[in-house]
Every structure is written in structure tokens, then in C-alpha cells.
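The lines below spell out each chain.
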Amino acid sequence: MDFLNPSKQSGIPPAIGKLLIAAPMLDDPNFSRSVIIICEHSKEGTVGFLLNRRTQKVLGDLLPELVTPELQVYQGGPVQLDTLHMLHRMPAIFGGTEIVEGVYWGGNYDALQNAITDPNFRPQDLRLFAGYSGWGEGQLAKEMEEGSWVVANATSELIFDTVPDELWRAAIATLGSEFGYLVNIPINPQMN
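Given the structure is predicted, the values throughout are model-derived calculations rather than measurements.

Caption draft 1: Representation of the nonpolar core within the structure. Counting 43 residues, the largest nonpolar core has L19, I37, L87 and W149 as its most contacted members. Here the element with the most residues in this core is strand β2 (residues 35-42); it accounts for 5 residues. Ignoring any residue separated from it by four or fewer positions in sequence, one finds L19 in contact with V35, I36, I37, L51, V150, V151, A152, N153, A154, L158 and A171. Formed by 15 residues, the second largest nonpolar core is a distinct cluster that contains L59, M90, A115 and L126.

Caption draft 2: Examining the pairing of β2 more closely. For strand β1 (residues 18-22) and β2, the ladder comprises 3 bridges, and the chain directions are antiparallel. Residue pairing in the sheet places L19 in a bridge with I37 of β2. In the sheet, β2 pairs with strand β3 (residues 45-50) via 6 bridges, with the strands oriented antiparallel. Among the inter-strand pairings, I36 is bridged to a residue of β3, identified as L50. What sits between the antiparallel neighbours β2 and β3 is a turn of 2 residues.

Caption draft 3: Examining the environment of D61 more closely. Looking at the element boundaries, D61 is found in helix α1 (residues 59-62). As a C-alpha pair, D61 and N184 span 123 residues in sequence and 37 Å in three-dimensional space.

Caption draft 4: Molecular detail of unusual backbone geometry. With a phi close to 55°, R33 is a non-glycine residue in the positive phi region. A relative accessible area of 19% places R33 in the buried class. A positive phi is found at Q80, a non-glycine position, where the angle reads about 45°. Within the secondary structure, Q80 sits in strand β6 (residues 79-88). By relative accessible area, Q80 is classed as partly exposed at 45%.

Rules and cut-offs
- Residues numbered from 1 in each chain as written.
- Predicted model: local features only at pLDDT ≥ 70, side-chain atom pairs only at ≥ 80, totals over all residues.
- Heavy atoms only, no water.
- Core = buried A, V, L, I, M, F, W, Y, C linked by side-chain atoms within 4.5 Å.
- Buried < 20%, exposed > 50% of the residue type's maximum accessible area, 1.4 Å probe, protein only.
- Helix = DSSP H or I, 4+ residues; strand = E, 2+ residues; numbered from the N terminus.
- Contact = heavy atoms within 4.5 Å.
- Pairing = 2+ DSSP bridges.

Function cannot be read off these values alone, since they describe shape.
Here it is, written out as C-alpha cells:
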């Protein structure tokens with residue numbers, strides 16, 4: 001395995017519904033030890049959301065007009081932090097586009113108030129993101145060649161049921177034991 005370029009070795013190309021796992025030595029503060037779900041991918045570019053970056057904000061901070069429980073908002077990425085996006089497992093309520101089996105991106109925000117006040121609402125089936133992660137034409141391909149990302153398959157369980165602080169390690173574990181060494185590489189190996 002090429003230590004400096006593990007992303008080529010996963011055998012999984014970037015695509016809608018795949019995870020981008022930050023390589024251990026990626027030192028960009030926006031993406032260090034991050035896991036991103038890809039929601040849009042074409043030759044023109046890629047859009048996704050950081051799954052493991054909680055903010056200090058809740059939905060009521062962003063949309064005070066909603067009567068809402070304290071729904072956590074995640075930082076989707078460094079682009080357009082004034083936008084709100086959702087991933088969910090509730091297509092009957094929100095609609096949206098299926099990106100992974102049972103996982104939907106976007107949908108009807110007007111349904112949000114009704115959904116969160118419904119006694120059957122399950123907050124663990126909804127992820128809200130401020131901003132997004134985006135790459136222009138050729139940008140992600142270049143970062144892949146540099147070894148900045150490892151690509152893995154996403155599942156509903158990884159996205160919604162894994163504790164965000166454990167997601168980076170859990171996502172790497174889905175790649176098999178030959179990738180296990182990645183979780184033990186320090187962010188700044190030269191500091192050791």
C-alpha cells in the first residue's frame with residue numbers, strides 16, 4: 001500500500017453516497033480528521049457535508065421563528081455558512097433525493113415545523129448543516145492524487161447512528177484491516 005496515497009488503494013472512486021475520509025496527515029483545519037458525505041458529484045464539481053463537526057448552535061438559533069426542540073446543527077463545511085441543509089431518513093415527511101439507501105438530502109423545509117412538533121418525530125433521523133463542503137472542477141481529483149482523502153462506502157448507520165467523535169475511526173474501519181494503521185498516525189507525525 002502506498003503510505004502517502006492511501007486513497008488510491010481503497011478502490012472506491014468518489015461518487016454520490018460515498019464518504020470522503022480525511023487522510024490522517026491532512027492538516028487543513030477545516031477538514032482535519034473529518035468525514036464528508038458526497039451529495040453531488042460530476043465533472044463540474046462536488047458537494048458534501050461534514051458529518052462529524054458539531055457546532056454550538058441549535059436550530060432555534062438559526063430559525064428562531066420555529067417552535068423547536070434543541071436540534072443540533074453541524075458545520076457542513078466552510079462554504080456559505082449562512083445556508084441550512086438537511087440529511088434525513090424521513091422521505092415521507094421531507095421528500096428529498098436519496099443519496100444512500102435510506103438517506104435523503106434536502107427536501108421540504110416547510111414541513112420542518114410540523115415534523116419537529118409531531119410526537120412520532122425522531123431527531124436522530126435528521127441532520128442539519130450550516131454551510132457545505134465544495135470542490136470545483138478537478139479540485140477533488142487533485143486532492144485525491146495528493147492523498148488527502150480516502151473514499152469509503154456510506155451507510156445510514158454510519159451517518160446517523162455513529163457518535164460524531166467516533167465517526168472518523170468507524171469510517172476507516174469499514175475499509176478493512178489493511179487500513180487500520182491510518183487511525184494510529186498522529187496529525188503531526190513530525191511532532192513525535
